[in-house]
Amino acid sequence: MSDVQGGPGALFAIGGAEDKLKKRTVLQEFVEAAGGAKARIVVVPTASALGPDVIDVYRALFAALGAASVVGVRPENREDADDPAFLEPLDDATGIFMTGGNQLKLAGVVTGTAFGRAVTAAHQRGAAVGGTSAGASILAEHMIAFGRSGATPRQRMSQLAGGLGLVQGAIVDQHFAQRNRYGRLLSLVAQSPGLLGIGVDEDTAAVVRGSHLEVVGRGAVTIFDGSRITSNAHYAKRSEPILASGVVLHVLPATATFDLQDRVLLSYGPQPPAAEIAELEAAEADLRKLAKEIAAEGVSPSYYEEHKRRAGRRTAKTTRPAAAGESRPEATEPITAGAELSHPDTPQPDSELH
């Protein structure tokens, strides 16, 4: 559903490498948030080192996903970013999409300029604002300018720059699991415990509406909450490992929703129908009972024969009476421990124990 009816629009922090060929789930969600068939999307490729091709790619993608119009606007320096000619396409945009590339360049050109203020104004009036990779990082108030990979948080592992501030109280990192960026995000949370660390996997989006974050795509969003952290970040030297004890970790797959203000999980996954839940519970009960029977030691074989006869009588009672002239199938007896599943000469499928 479109978010352009009133109030701030949705924010899409995409972890990079979003699917552009098959399902295109993340990009489709962005187009829908921007207005669907009425979407007017502005692509901002300032961070990219590629030429006009990057605009052509996203123009074709968004058009194929149903957007009404797609234009590219590329300020290359702060002078461009204050030029009214570069601002005009943003005036009636329902979606603004910033590509990946050099995030320090993107921040250096956009933040604190008329262009950056126009992006913020568009978001406030209801436009969906998103970005992939570098375009995701700049959505936050503080963005990672650059840093090293690694699982262990270390001093001087990364550096911050100013972002657009559309996502308050957080730092957004991208290509998170794929490039092993746990350490650098955790080091920043240890140094600034008031900020949530949000790491977004590739082909995944952290979609922020108000204070709620929802996960879309095939990966996960990892959140570090350092509200109660104990750390030595204030005196660790050079590239020493940083103590980070008491950090609350949230790993959120698709459909999970999280409250950024209260820092709590709200929901996750669709709930199955009640009938399906009842069926699963019954099957689980049967398995537990069978496991107890198989595990029983010293029980006479006559016990299993009697159990088999009783089960057969229960099955026969639940079989409907045959109508006149209708043949009635024999009641099916339940399989018990040691029974053959099929004729011994029948080929059996391989086990799917992966």
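Everything that follows concerns the structure shown earlier in this document.
The rules we used
Residues numbered from 1 in each chain as written. Predicted model: local features only at pLDDT ≥ 70, side-chain atom pairs only at ≥ 80, totals over all residues. Heavy atoms only, no water. Helix = DSSP H or I, 4+ residues; strand = E, 2+ residues; numbered from the N terminus. Buried < 20%, exposed > 50% of the residue type's maximum accessible area, 1.4 Å probe, protein only. Contact = heavy atoms within 4.5 Å. Areas by Shrake-Rupley, 256 points an atom, 1.4 Å probe, with all protein chains shown as cover. Pairing = 2+ DSSP bridges. Axes fitted to C-alpha atoms, helices over the stretch in contact; angles between N-to-C directions. 1 Å grid on protein atoms, 1.4 Å probe; cavity = no way out; pocket = protein on both sides within 12 Å on 5 of 7 lines; lining within 4 Å. Points joined across faces, edges and corners; volume = space filled by probe spheres on them. Nonpolar A, V, L, I, M, F, W, Y, C, P; charged D, E, K, R; others polar. Arc of directions from axis to C-beta. Core = buried A, V, L, I, M, F, W, Y, C linked by side-chain atoms within 4.5 Å. Phe/Tyr/Trp six-rings, centres within 6.5 Å; stacked < 30°, edge-to-face > 60°. Salt bridge = Lys/Arg side-chain N within 4 Å of Asp/Glu carboxyl O. Polar contact = N/O pair within 3.5 Å; in protein donor to acceptor, adjacent residues only side chain to side chain.

Each helix and strand counted, the protein has ten helices and 17 strands in total. When each of the 354 residues of the protein is scored for burial, the buried share is 43%. When contacts within the protein are restricted to residue pairs at least 6 apart in sequence, those whose partners lie at least 24 apart make up 71%. Carbon together with sulfur atoms contributes 54% to the accessible area of the protein, which is approximately 19100 Å² in total.

Moving on, we come to the sheet that holds strand S4 (residues 95-98). Strands sit in the order S3-S2-S4-S5-S1-S10-S11-S16-S17 across an open sheet of nine strands; the sheet is mixed. Every other strand in the sheet has two partners, leaving strand S3 (69-72) and strand S17 (264-267) as the edge strands with one partner each. Each adjacent strand pair in this sheet contributes to an overall mean axis angle of 20°, direction not counted. Pairing of strand S2 (residues 40-44) with S4 involves four bridges; the strand directions are parallel. Paired with valine 42 across the strands is isoleucine 96, a residue of S4. Packing of helix H1 (residues 25-33) onto the sheet brings it into contact with strand S1 (11-14), S2, S4, strand S5 (128-132), strand S10 (204-209) and strand S11 (212-217), and relative to S1 it is tilted by some 165°. Most of the contacts of helix H2 (residues 53-64) go to S3, to which it runs at about 170°, and overall it touches S2, S3, S4 and S5.

Quantified by volume, the second largest pocket comes out at close to 270 Å³. Lining the second largest pocket are 19 residues, and of these Leu166, Val167, Gln168, Val208 and Gly210 lie nearest its centre. Put simply, the parts of the chain that give the lining of the second largest pocket at least two residues each are helix H6 (114-124), strand S8 (167-174) and S10. At three residues, S8 tops the list of elements feeding residues into the lining of the second largest pocket. The residue inventory of the lining of the second largest pocket, partitioned by class, reads seven nonpolar, ten polar and two charged.

Below, the discussion takes up H1. For H1, every residue scored as buried is listed here: Val26, Leu27, Phe30, Val31 and Ala33. Down the axis of H1, the buried side of the element spans an arc of 165°, and every buried residue falls inside it. Glycine 35 sits one or two residues past H1 and shows a positive phi near 125°.

This part is about the nonpolar core. One finds Ile96, Phe115, Val129, Ile138, Ile198, Leu213 and Val221 to be the most contacted residues of the largest nonpolar core, which totals 49 residues. No other element matches H6, which puts five residues into this core. Apart from the residues within four sequence positions on either side, valine 129 is in contact with Ala10, Leu11, Phe12, Phe30, Ile96, Met98, Val119, His123, Leu139 and Leu166. Core analysis: the next-biggest nonpolar cluster, separate from the first, contains 25 residues, Ala39, Val70, Phe97 and Ala128 among them.

Another point: the packing of aromatic side chains. Scanning the entire structure with this criterion turns up eight aromatic pairs. Judged by centre distance (5.8 Å) and plane angle (40°), the ring pair of phenylalanine 30 and phenylalanine 62 falls under tilted. Taken together, the residues span a long stretch of sequence, with phenylalanine 30 in helix H1 and phenylalanine 62 in helix H2 at a distance of 32 residues. Phenylalanine 62 matches phenylalanine 30 in its accessibility class, with the two residues each being buried. Linked through ring pairs, Phe12, Phe30, Tyr58, Phe62 and Phe97 together constitute an aromatic cluster.

Further remarks concern the pattern of salt bridges. It is possible for side chains of opposite charge to pair when their charged atoms get near one another. A full pass over the atoms with the stated rule returns nine salt bridges. Notably, a salt bridge pairs lysine 105 with glutamate 76, separated by 2.8 Å at the nearest N-O pair. Note that lysine 105 is positioned in helix H5 (residues 103-110) and glutamate 76 in the loop between S3 and helix H3 (78-81), a separation of 29 residues in sequence. Two residues, arginine 181 and aspartate 173, come together in a salt bridge whose shortest N-O distance is 3.8 Å.

So, on to the sheet that holds strand S12 (residues 220-225). With mixed pairing, the six strands of this open sheet are ordered in space as S7-S6-S8-S9-S12-S15. Of all the strands in the sheet, just strand S7 (158-162) and strand S15 (248-253) have a single pairing partner and so form its edges. Here the strands of the sheet are splayed against their neighbours by 25° on average, with no regard to which way each runs. Strands strand S6 (140-147), S7 and S8 of the sheet are contacted by H5, whose axis makes an angle of about 140° with S6.

Let us look at H5. Those residues of H5 that sit buried are Gln103, Leu106, Ala107, Val109 and Val110. Contacts made by the buried residues of H5 are with H3, H6, helix H7 (134-137), S6, S7 and S8. Between the side-chain oxygen at the start of H5 and the backbone nitrogen of leucine 104 there is a gap of 3.0 Å, and the oxygen is on asparagine 102. The positive-phi residue at the C-terminal boundary of H5 is glycine 112, with phi of around 75°.

What follows deals with the environment of valine 129. Relative to the elements of secondary structure, valine 129 occurs in strand S5. Since its relative accessible area comes to 0%, valine 129 is described here as buried. Between the alpha carbons of valine 129 and valine 42 there is a distance of 9.6 Å; along the sequence they are 87 residues apart.

The values reported here are purely geometric and, on their own, carry no functional implication.
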